[in-house]
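# Examination of the molecular architecture
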Amino acid sequence: MILPGPSEDGTSGSTVRSPALTAGLVAGGVLVALLVALLGVGIAARGTGELGIPGAGVTTALRVVVFAALALHLGELSGHRLARTDPVPRSWAVAAALAGATASAGQIGLLAFVSGLKITAVYGTVDGRLLLVMANGFLVAAWCAATSRPISAVAPLAVVVGAEALRAHPEQYTPLLGAALTVVHLTAASLWTGSLLYIVRTMWLRRDDPAAARDVLTRYARIAGWLFVALAATGTVSALRRLPADVVLTTAYGRVLIAKLILIALVSGLALTARRRLRRGGDMVTPVRRELAALAVVVLLSAVLTVVPDPHWISTR
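The structure contained in this document is the topic of the report that follows. (Residues numbered from 1 in each chain as written. Predicted model: local features only at pLDDT ≥ 70, side-chain atom pairs only at ≥ 80, totals over all residues. Heavy atoms only, no water.)

Secondary structure assignment for the chain yields 10 helices and two strands. Beginning at the N terminus, the succession of helices and strands in the chain can be written as β-β-α-α-α-α-α-α-α-α-α-α. Going through the 317 residues of the chain one by one, you find that 45% of them count as buried. Summarising the internal contacts of the chain: among those between residues at least 6 apart in sequence, 75% fall at separations of at least 24. (Helix = DSSP H or I, 4+ residues; strand = E, 2+ residues; numbered from the N terminus. Buried < 20%, exposed > 50% of the residue type's maximum accessible area, 1.4 Å probe, protein only. Contact = heavy atoms within 4.5 Å.)

One way to put it is that helix α7 (residues 175–205) packs onto helix α10 (residues 285–305) with a least axis distance of 10 Å and a crossing angle of 145°. The interaxial crossing formed by α7 with α10 has left-handed handedness. Two secondary-structure elements touch here, α7 through Trp 192, Thr 193, Leu 196, Leu 197, Val 200 and Met 203 and α10 through Val 285, Val 288, Glu 291, Leu 292, Leu 295 and Val 299. Partitioning the contact of α7 with α10 into residue classes produces 10 nonpolar, one polar and one charged. (Axes fitted to C-alpha atoms, helices over the stretch in contact; angles between N-to-C directions. Left-handed = near helix turned anticlockwise from the far one by under 90°. Nonpolar A, V, L, I, M, F, W, Y, C, P; charged D, E, K, R; others polar.)

Once that is clear, we can look at a nonpolar patch on the surface. There is a patch of nonpolar side chains on the surface, built from Leu 31, Leu 34, Leu 35, Leu 38, Leu 39, Ile 43 and Val 58 and spanning about 610 Å² of accessible area. No other element matches the six residues that helix α1 (residues 19–44) contributes to the nonpolar patch. For Ile 43, the position within the fold is in helix α1. (Patch = residues over 30% accessible without salt bridge, like charges linked within 9 Å, V, L, I, M, F, W, Y side chains within 5 Å. Areas by Shrake-Rupley, 256 points an atom, 1.4 Å probe, with all protein chains shown as cover. Salt bridge = Lys/Arg side-chain N within 4 Å of Asp/Glu carboxyl O.)

Turning next to the nonpolar core. Among the nonpolar cores identified, the biggest contains 43 residues, and Met 203, Leu 217 and Tyr 220 are the most heavily contacted of them. Sorting the residues of this core by element identifies α1, α2 (56–83), α7, α8 (210–242), α9 (252–280) and α10 as the ones contributing at least two each. Counting residues per element, this core draws most heavily on α10, at nine residues. Setting aside residues no more than four positions away along its own chain, Leu 217 makes contact with Ile 199, Met 203, Leu 278, Met 284 and Val 288. (Core = buried A, V, L, I, M, F, W, Y, C linked by side-chain atoms within 4.5 Å.)

One pass over the full model with this rule turns up one aromatic pair. A centroid spacing of 5.9 Å and a plane angle of 85° characterise the contact between Trp 192 and Phe 228, whose relative ring orientation is edge-to-face. In this pair, Trp 192 sits in helix α7 while Phe 228 sits in helix α8, placing the two residues 36 residues apart along the sequence. The buried category is assigned to Trp 192, whose relative accessible area is 3%. One Lys or Arg, Arg 201, reaches over the ring of Trp 92 and ends 3.6 Å from the middle of that ring. Stacked on the ring of Trp 204, the Lys or Arg Arg 207 has its end atom at 3.9 Å from the ring centre. (Phe/Tyr/Trp six-rings, centres within 6.5 Å; stacked < 30°, edge-to-face > 60°. Lys NZ or Arg CZ within 6 Å of the ring centre and 35° of its normal.)

A few words now on the pattern of salt bridges. Applying the stated criterion across every chain, the model contains four salt bridges. Between Arg 167 and Asp 127 there is a salt bridge, with the nearest N and O atoms lying 3.8 Å from each other. With Arg 167 in helix α6 (residues 154–168) and Asp 127 in helix α5 (residues 126–146), the pair connects residues that are 40 residues apart, well separated along the chain. You can call Arg 167 buried: its relative accessible area is 13%. The salt bridge partner of Arg 275 is Glu 291, with a shortest N-O separation of 3.1 Å. With Arg 275 in helix α9 and Glu 291 in helix α10, this residue pair connects regions lying 16 residues apart in the sequence. One exposure class covers both Arg 275 and Glu 291, and it is buried. Members of the salt-bridge network, linked through shared partners, are Arg 63, Asp 127, Glu 164 and Arg 167.

Cis rather than trans, the peptide bond between Asp 86 and Pro 87 has omega equal to 0°. Relative to the assigned elements, Pro 87 resides in the loop between α2 and α3 (93–115).

Everything listed here is a matter of coordinates, which is why it stays silent on function.
This is the structure:
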């Protein structure tokens, strides 16, 4: 079912898809996402001469779940404050956190499988310890979400973000700077994507009151600009530090990064279109939905980007 929104003349309009068509579109999107996760690293690395990474496809799929779980949970915490009043969407925080814990634990099992180590030995590695911290952080966040104080989940989720930053982007010379950039980048990306999803769900619940739906999107738009600035700044610095200029087109990392940047540009254009229509009182729902769909693909590519080989070894510099 398509989210309705105010028409150009300010009245409320709606377009409805059949449940079967909606389910088909969702199933198709999930299938495409799964194929990209499983095959993305291999496709990006084709012809680069880079060594294959054992279990790359499954690792990517598990990392997509981790990123999605962070976005859903952090976005819900932020979106609930932006919504302010009822009605608000049903909470997905517990399910998201449990999915994140399962995906983190799955990566521990996968690491044991591809390395030939026992689980207890994997816990002795840096990756194993950090993944264990992430799994436990998600479990604590799920417990917090199930209690009467869901905002307390911020602390364990912050631990998850920090552990992910240390695990996914090891730096030989300035590891703390690299981790700090990733913390800001991952937090901003999660809030941007997750909050927008929550706002779209809230607008659907308030579809009979166009003014209320417009107000909640306006409040989101005020923070989205700052989130974009944080994303752009940290993403640019991280890319300059990790990707040598001479291998931008000849490494998997460079190719995936270019695809991600193109999508970010598309997302930015859709966001600006939605904000412009918001100010003029027009239909902002269509670009908002498309922005959310494009952000979902960005999350997918971000997971691929953290699995492809480090591009420094192939550089001629």
